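Next come the chains, spelled out residue by residue.
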Amino acid sequence: MTWSILARDPRTGEIGAAVATRFFAVGALCLKVEGGTGAVATQALINPMLGPAGLDRLRAGEAPEEIVRDLIAADPGEAVRQLHVLALDGRSARHTGAGCVDWAGHRDGPDVSVAGNMLAGPEVVEATLETFLARSELPLAARLITALEAGEARGGDKRGKQSAALVVASRDPYPDLDLRVDDHPDPLAELRRLHDVAGGYFVHFRRFLAGRDHPGVFDRAVIMAAIEKATGG
């Protein structure tokens, strides 16, 4: 099940990932993203241990190709696993096991990796990748959603729709934005709605929270004045 996209915005340093599927609460298991580190997606007959292990090794500075090779080699279920890894510098690597349900496969481009299984056909990942590459004017979160929408328009998960998720991170170990649609008849439409809601307050408030290199802002008046200025409120 599932198709996902991992990507980097070299202009902002953001790392992001998004996923959609006919499976409950995909965001709880599939995506692992950490600011200053990279992103991992584990799917098909999912092995949830691969995500944390992949981030650990990215944090240690290992190359995506080495990480994917070693994690898959050590997994007795490698034939039914799909895994892709994106490093902070935009390098990526992928694995699609021979036992993944057709259509299953992956594609990549500069600063981006797309992988999917149980899809309507290869055009799903191709449209996702092509749209991401073509929409470089968009902020990373919106660009990821737009790319998945293009893949869904080409058939998406051949079983239908149920859940979707989006994670974007930059400097800190916790995300700048982490959105999940666990069970919905049109999860990508709901994901876009949540993204729009987040843009009205949350993404501005997030800038004032404590981070890796600063203690945050404590003055509520300063925070609210900045949010009102940013939102025109």
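Residue numbering note: each chain is counted from 1, following its sequence as written. Two thresholds apply to this predicted model, a pLDDT of at least 70 for residue-level local features and 80 or more for giving and counting side-chain atom pairs, whereas whole-chain, interface and lining totals are computed over all residues. Excluding hydrogens and water, the side-chain figures rest on all heavy atoms present in the structure.

**Q** Outline the sheet that holds strand β3 (residues 31-34), listing residues and values.
**A** Spatial ordering of the open sheet is given by β3-β4-β5-β6, a layout of 4 strands whose pairing is antiparallel. Each of the sheet's edge strands pairs with one partner strand only, and the pair in question is β3 and β6 (92-96). Strand after strand, the sheet turns through a mean of 5° between neighbouring axes, direction not considered. At least two DSSP bridges between two strands are needed for those strands to be called paired. Numbering of helices and strands runs from the N terminus, with a helix taken as a DSSP run of H or I at least four residues long and a strand as a DSSP run of E at least two residues long. Where strand β5 (residues 81-87) lies against β6, 5 bridges are found, and the strand directions are antiparallel. By the bridge assignment for β6, H84 is matched with R94. Packing of helix α1 (residues 50-59) onto the sheet brings it into contact with β3, β4 (38-44) and β5, and relative to β4 it is tilted by some 155°. Only the stretch in contact is used when a helix axis is fitted, and all axes are lines through C-alpha atoms; the angle between N-to-C directions ranges over 0 to 180 degrees. Here, residues are in contact when the closest pair of their heavy atoms is within 4.5 Å.

**Q** Provide a residue-level description of a nonpolar patch on the surface, including the pertinent values.
**A** Residues qualify for a patch when their relative accessible area is over 30% and they have no salt bridge, like charges being joined within 9 Å and the nonpolar side chains of Val, Leu, Ile, Met, Phe, Trp and Tyr within 5 Å. Here the open area of atoms and residues is found with the Shrake-Rupley method and a 1.4 Å probe, where only the protein chains shown may cover a residue. When a carboxyl oxygen of Asp or Glu lies within 4 Å of a side-chain nitrogen of Lys or Arg, that pair is called a salt bridge. On the surface, a nonpolar cluster with roughly 320 Å² of combined accessible area is contributed by Y201, F202, V203 and M224. In this fold, V203 is placed in helix α6 (residues 202-206).

**Q** Run through the side chain of S170, naming residues and quoting values.
**A** Here S170 shows up in the loop between β9 (163-169) and β10 (177-181). On the basis of relative accessible area, S170 is assigned to the buried category, the value being 19%. Under this definition, polar contacts are N or O atom pairs within 3.5 Å; protein pairs additionally need one hydrogen-donor-capable and one acceptor-capable atom, and for neighbouring residues in sequence, both atoms have to be side-chain atoms. One polar contact links S170 to D176, side chain to side chain, over a distance of 2.6 Å. When near neighbours in sequence (up to four residues on either side) are disregarded, S170 contacts G13, E14, G35, G36 and D176. Only protein chains enter the area calculation, which uses a 1.4 Å probe; residues under 20% of their type maximum are buried, those over 50% are exposed, and those in between are partly exposed.

**Q** Go over the side chain of R143, please, and point to the residues and values.
**A** Mapped onto the elements, R143 comes out in helix α4 (residues 140-153). Buried charged residue R143 carries no salt bridge. Nearest counter-charge: D9, at 5.3 Å. If near-sequence neighbours (up to four positions away) are discounted, R143 is found in contact with F132, L133, R135, S136 and L138. The convention is simple: Lys and Arg are positive, Asp and Glu are negative, and His and the chain ends are not counted.

**Q** An account of the packing of α1 against helix α2 (residues 64-73) is requested, with residue identities and associated values reported.
**A** α2 packs onto α1 with a crossing angle of 140° between their chain directions and a minimal axis gap of 10 Å. On the basis of their axis angle, the class for α1 and α2 is oblique. Considering only the axes of α1 and α2, their crossing is right-handed. Two secondary-structure elements touch here, α1 through L50, A53, G54, R57 and L58 and α2 through E66, I67, D70 and L71. For the contact of α1 with α2, the residue count by class is 5 nonpolar, 1 polar and 3 charged. Roughly parallel here means an angle under 35 degrees, roughly antiparallel means over 145, roughly perpendicular means 65 to 115, and every remaining angle is called oblique. Take the far helix as the reference: if the near one is turned anticlockwise from it by less than a right angle, the crossing is left-handed, and if turned clockwise, right-handed. Residue type decides the class: Asp, Glu, Lys and Arg count as charged, Ala, Val, Leu, Ile, Met, Phe, Trp, Tyr, Cys and Pro as nonpolar, and the leftover types, Gly among them, as polar.

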